[in-house]
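Each chain, letter by letter, is given below.
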Amino acid sequence: RLVNNRALTAELDKIRRTLEKKIPGAPHESLLVVDAAVGRNALDQARGWQQDVGVTGLAVTKLDGTARAGFVVSVVQDLGIPVKLVGVGETLDDLRDFEGERFVDALLDVNDADDLRERFARIAA
């Protein structure tokens, strides 16, 4: 949903307040689910949702397609919001814990450290 959807933001804030009343310290986690194909707009979405509802982490979906989700670097670096989960399919069983090294390898299209060294050597030559 769009971050400028004030009705949705108000509803999420109400949910948060209700949880706080019922469970001490709640909510314990507030994940923003972002489609990997969204691109740089994801940074704006994360910034807005973090301000409005207090996002504590990202779940990046549709990483099984062609999208690489390079925006993740900016969200983590600029906003300090960690990636918690990635979706690599269409079912709940396709959610995986985020593994930074694997993500960077896929982002750079690198198979291993030797592959990366070879690529840099070709660029530098």
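Procedures and definitions
Residues numbered from 1 in each chain as written. Predicted model: local features only at pLDDT ≥ 70, side-chain atom pairs only at ≥ 80, totals over all residues. Heavy atoms only, no water. Phe/Tyr/Trp six-rings, centres within 6.5 Å; stacked < 30°, edge-to-face > 60°. Buried < 20%, exposed > 50% of the residue type's maximum accessible area, 1.4 Å probe, protein only. Core = buried A, V, L, I, M, F, W, Y, C linked by side-chain atoms within 4.5 Å. Helix = DSSP H or I, 4+ residues; strand = E, 2+ residues; numbered from the N terminus. Contact = heavy atoms within 4.5 Å. Patch = residues over 30% accessible without salt bridge, like charges linked within 9 Å, V, L, I, M, F, W, Y side chains within 5 Å. Areas by Shrake-Rupley, 256 points an atom, 1.4 Å probe, with all protein chains shown as cover. Salt bridge = Lys/Arg side-chain N within 4 Å of Asp/Glu carboxyl O. Pairing = 2+ DSSP bridges. Axes fitted to C-alpha atoms, helices over the stretch in contact; angles between N-to-C directions.

So, about the packing of aromatic side chains. For the structure shown, the criterion picks out one aromatic pair. Ring centres 5.5 Å apart and planes at 55° place the aromatic pair Phe98 and Phe103 in the tilted group. When its relative accessible area of 25% is taken as the criterion, Phe98 is described as partly exposed.

Let us look at the nonpolar core. By size, the foremost hydrophobic cluster in this structure holds 20 residues, and its most contacted members are Leu58, Val60, Phe71 and Val75. Top element by residues in this core is helix α2 (residues 41-53). It accounts for five residues. Apart from residues lying up to four places away in sequence, Val60 is in contact with Val34, Ala36, Ala69, Phe71, Val72, Val83, Leu85, Val86 and Gly87.

Further remarks concern a nonpolar patch on the surface. On the surface, a nonpolar cluster with roughly 290 Å² of combined accessible area is contributed by Leu12, Ile15, Leu19 and Ile23. Among the secondary structure elements, Ile23 is positioned in the loop between α1 (6-22) and β1 (31-35). The class for Ile23 is partly exposed, based on a relative accessible area of 39%.

In this section: unusual backbone geometry. Note that the residue after Ala26, namely Pro27, is joined by a cis bond; omega there is -5°. Considering the arrangement of structural elements, one finds Pro27 in the loop between α1 and β1. The phi torsion at Lys62 lies on the positive side, around 65°, for a residue other than glycine.

With that settled, the discussion passes to the pattern of salt bridges. Counted according to the given criterion, the structure contains eight salt bridges. Between Asp13 and Arg16 there is a salt bridge; the shortest N-O distance is 2.3 Å. Highlighted residues: Asp13 and Arg16, both in helix α1, separated by three residues, approximately one helical turn. Exposure remark for Arg16: the relative accessible area of 25% places this residue in the partly exposed category.

Let us now look at the sheet that holds β1. Reading across from one edge, β1-β2-β3-β4 is the order of the four strands in this open sheet, with mixed pairing throughout. The strands lining the two open edges of the sheet, one partner per strand, are β1 and β4 (95-97). Ignoring strand direction, the axes of neighbouring strands in this sheet form an average angle of 25°. Where β1 lies against strand β2 (residues 57-61), five bridges are found, and the strand directions are parallel. Within β2, the position partnered with Val33 by the bridge is Ala59. Relative to the sheet, helix α3 (residues 71-79) contacts β1, β2 and β3 (83-87), its axis offset from that of β2 by approximately 175°.

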